[in-house]
Amino acid sequence: MPDRLPFQKISFMQNVLLFLARPARLAAFSFTTKRSISTFSHLHRRFYDHHARLERANRFLAASSKKQMDNNSNNSYDGWSRDELIARLRALETSSTPGLAPASSDSTSTTPKAKDGKKRHKKKSQQQPARPFVYSAHPTRKIALRLAYFGWPYHGFAAQAHSNETIEHHLFAALRTTRLVDPDTPEGTAPPDYSRCGRTDKGVSAAGNAVALVVRSRIPADDPRRLSVYGSETPHDDQGELPYLAMLNRALPDHIRVVAWSPVADDFSARFSCGARSYKYFLPAVGLDIARMREAAAAFIGTHDFRHFCKIDPTKPVRNYERTMLEVTIVPAVDGVDVDDRAAELPLSVTGSSNGLPHQYYVLTVRGTAFLWHQIRCMMHVLLLVGQGLEPPTVVRDMLAAGRAAANGDESSASRPQYDLAPELPLVLWDCDFPNLFWRYADNPRDPLHSASGLAKHLATMHETLRTQALAVDLLLRHVWHADVPWTAPARAAALATLAPNTPARIAAEAQLPPPTTTDVSTLTSLAHLFPLIGRDALPWGVNGSLVPLLSTARRAPRAHIPLARRQTCDSVAEKQVKLEARLKRKRAEEEGEGEEEAMVDETVVDDDTETRTSLAKRARVAVHE
């Protein structure tokens, strides 16, 4: 035991007790009673134990101080060799948390450490890179997809080089995103063995369009689940296949949905395997004579030459305009809710609409084997002219006969009369019929309710959203429609002047618009009483993009209708072909002229360069001579 301990570690009273506790000094004391000796022995043992504990603490502190001093002496870079210093610098450059020890063979590890000194392991995603996706390593199969979309915000179905707002653009992007096709496929490029059934125009919707393509599969080609008969309705077929519907609908916009899929044969084509296509066109049940329209529409049924009911594309090499219409009907849009054909001729004040617009609709259904460009919209416009009484029901038969005569070589009937197209918004590609194809409307055949309910919820949400928007517009229109305006005799005369005399609309308006009792402008009436918004003698349907014949309030005479038989005609197929060839020839000449101008510019540049080099060489010779 040391005689002396550091003073700063032990107090003064503890030193006194230690002095008294030494045996050599205890002999100098004498105690008179046994009790006093016993008490002192107890105190001796107590303070001796305390002293032993303090001494152990001092030894521990001394050892810790010495170790710290040794570490500080080792951390000095003075005694390091050149190689150790270089290794240390490299370790500091590569390590995100450098220490103070010299670099060693295992000092290059960059694994972070926690506060307790243990190594902190990285997450699996950080330790190992994502395994690359190899499309060729997966089995593939050919399937057909049934598409439904609202075409209002898109520029058509087919992909276009100058626009990304097409149905196919979003469909191809969803296929690449879900890796159902090779994700390295260039943007805008169709998948392998791709075919489409209907190529709808801008603004046209579809409820049953179809495409066919080769996609990735989960089932190998030799698996029994893939060996089912084409078109089989067996519920256990394709068990374990990829959920095509859920995968694509998660990646598609809200206005586009894949409603069903089906396995198809390798030689299946969505265009040429289709047996029939059906279109629907919705029209308001007001201002039209539905009976006359049905009489005219019946002439479309059968095989006819429809060159006068389409837009001719001179770039197409095929000149066959014969098409077969299997069914053409005009019925109420809602089953079981019929509309009086004669009631459609009357103004809205008679039919009972409160906001000035029709609340009942008819639907034209056309089912045929194939269709030409803009054929449905051309047919619809002619039928609307018939329904408004501007054309007789026989006009359809006459135009079809002229097309047949043009096909037989009659040049006088080769050109169709000029007329507008019906609006594209009410047109819907309703169904594409494939006789040997069974659609799967659910990813899991054993739980079909799950997939169907998801699609139903999506459509219900969209329906409620559009219905709320329509309600807001309806309330605003109703407010404007029933606004009070001054009602005088001149105002009544102006309102009646917009309608032709001796027509049902004029008779109904005269009964509804009584003459004012006074000429005072303080007499007010609602705007609905001033003039009907819709009438038979209004602007033709489809003018300026209108879906219903809106009344023109301009102070001018109603536009006179020119019958189709007396109108100017469009260019015939031969005339369009001649103009196309002339335009292509002129374009080639312009390109050749630009090429000659570029060649002349290049020759001029070469001559200038030659003259420049000659001049420089002459100067150099003169300088050398001088």
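Residues numbered from 1 in each chain as written. Predicted model: local features only at pLDDT ≥ 70, side-chain atom pairs only at ≥ 80, totals over all residues. Heavy atoms only, no water.

**Concerning the overall build of the protein**
Each helix and strand in the protein was counted, giving 16 helices and eleven strands. Looking at the protein as a whole, 35% of its 626 residues are labelled buried. By sequence separation, contacts in the protein at least 24 residues apart represent 74% of the contacts at least 6 residues apart. For the protein, the accessible area works out to roughly 38,400 Å², and carbon and sulfur atoms hold 55% of it. (Helix = DSSP H or I, 4+ residues; strand = E, 2+ residues; numbered from the N terminus. Buried < 20%, exposed > 50% of the residue type's maximum accessible area, 1.4 Å probe, protein only. Contact = heavy atoms within 4.5 Å. Areas by Shrake-Rupley, 256 points an atom, 1.4 Å probe, with all protein chains shown as cover.)

**A few points about the packing of helix α10 (residues 375-387) against helix α11 (residues 395-407)**
Here α10 crosses α11 at 145°, and the two axes come no closer than 10 Å. Two secondary-structure elements touch here, α10 through Val382, Leu383 and Val386 and α11 through Val395, Val396 and Met399. For the contact of α10 with α11, a count of residues per class yields six nonpolar, no polar and no charged. (Axes fitted to C-alpha atoms, helices over the stretch in contact; angles between N-to-C directions. Nonpolar A, V, L, I, M, F, W, Y, C, P; charged D, E, K, R; others polar.)

**Brief notes about the pattern of salt bridges**
Under the counting rule described, the total for this entry stands at ten salt bridges. Glu55 is the salt-bridge partner of Arg59, the closest N and O atoms lying 3.6 Å from each other. Highlighted residues: Arg59 and Glu55, both in helix α3 (residues 34-74), separated by four residues, approximately one helical turn. Taking the relative accessible area as the measure of exposure, Glu55 reaches 10% and is therefore buried. (Salt bridge = Lys/Arg side-chain N within 4 Å of Asp/Glu carboxyl O.)

**Things to note about unusual backbone geometry**
Both trends apply: most residues other than glycine have a negative phi, and most peptide bonds are in trans. Even without glycine at this site, Arg179 takes up a positive phi of about 60°. Following the sequence through the fold, Arg179 ends up in the loop between α6 (167-177) and β2 (195-196). The backbone of Asp193 sits at a positive phi, close to 55°, despite the residue not being glycine. Within the fold, Asp193 resides in the loop between α6 and β2.

**Topic: the packing of helix α8 (residues 290-297) against α10**
Remark: α8 packs on α10, axes separated minimally by 8 Å, with the N-to-C direction vectors making an angle of 140°. As judged from the angle between their axes, α8 and α10 are oblique. Crossing angle aside, the handedness with which α8 passes α10 is right-handed. Facing α8, whose interface residues are Arg292, Met293, Ala296 and Ala297, α10 presents Met380, Leu383, Leu384, Val386 and Gly387. Looking at the contact of α8 with α10 residue by residue, the classes come out as seven nonpolar, one polar and one charged. (Parallel < 35°, antiparallel > 145°, perpendicular 65-115°, else oblique. Left-handed = near helix turned anticlockwise from the far one by under 90°.)

**Section: the packing of aromatic side chains**
Per the counting criterion, the structure on display carries ten aromatic pairs. Seen in terms of ring centroids, Phe300 and Phe306 are 6.2 Å apart; in terms of plane orientation they differ by 20°. Their pairing is stacked. The same class applies to Phe300 and to Phe306, which are both buried. Measuring from ring centre to ring centre gives 6.4 Å for Phe434 and Trp439, while their planes differ by 75°; the resulting arrangement is edge-to-face. Of the two residues, Phe434 and Trp439, both sit in the buried class. Of the aromatic side chains, those joined through ring pairs into one cluster are Phe268, Phe434 and Trp439. Sitting over the face of the ring of Trp430, Lys280 holds its NZ or CZ atom 5.4 Å from the ring centroid. (Phe/Tyr/Trp six-rings, centres within 6.5 Å; stacked < 30°, edge-to-face > 60°. Lys NZ or Arg CZ within 6 Å of the ring centre and 35° of its normal.)

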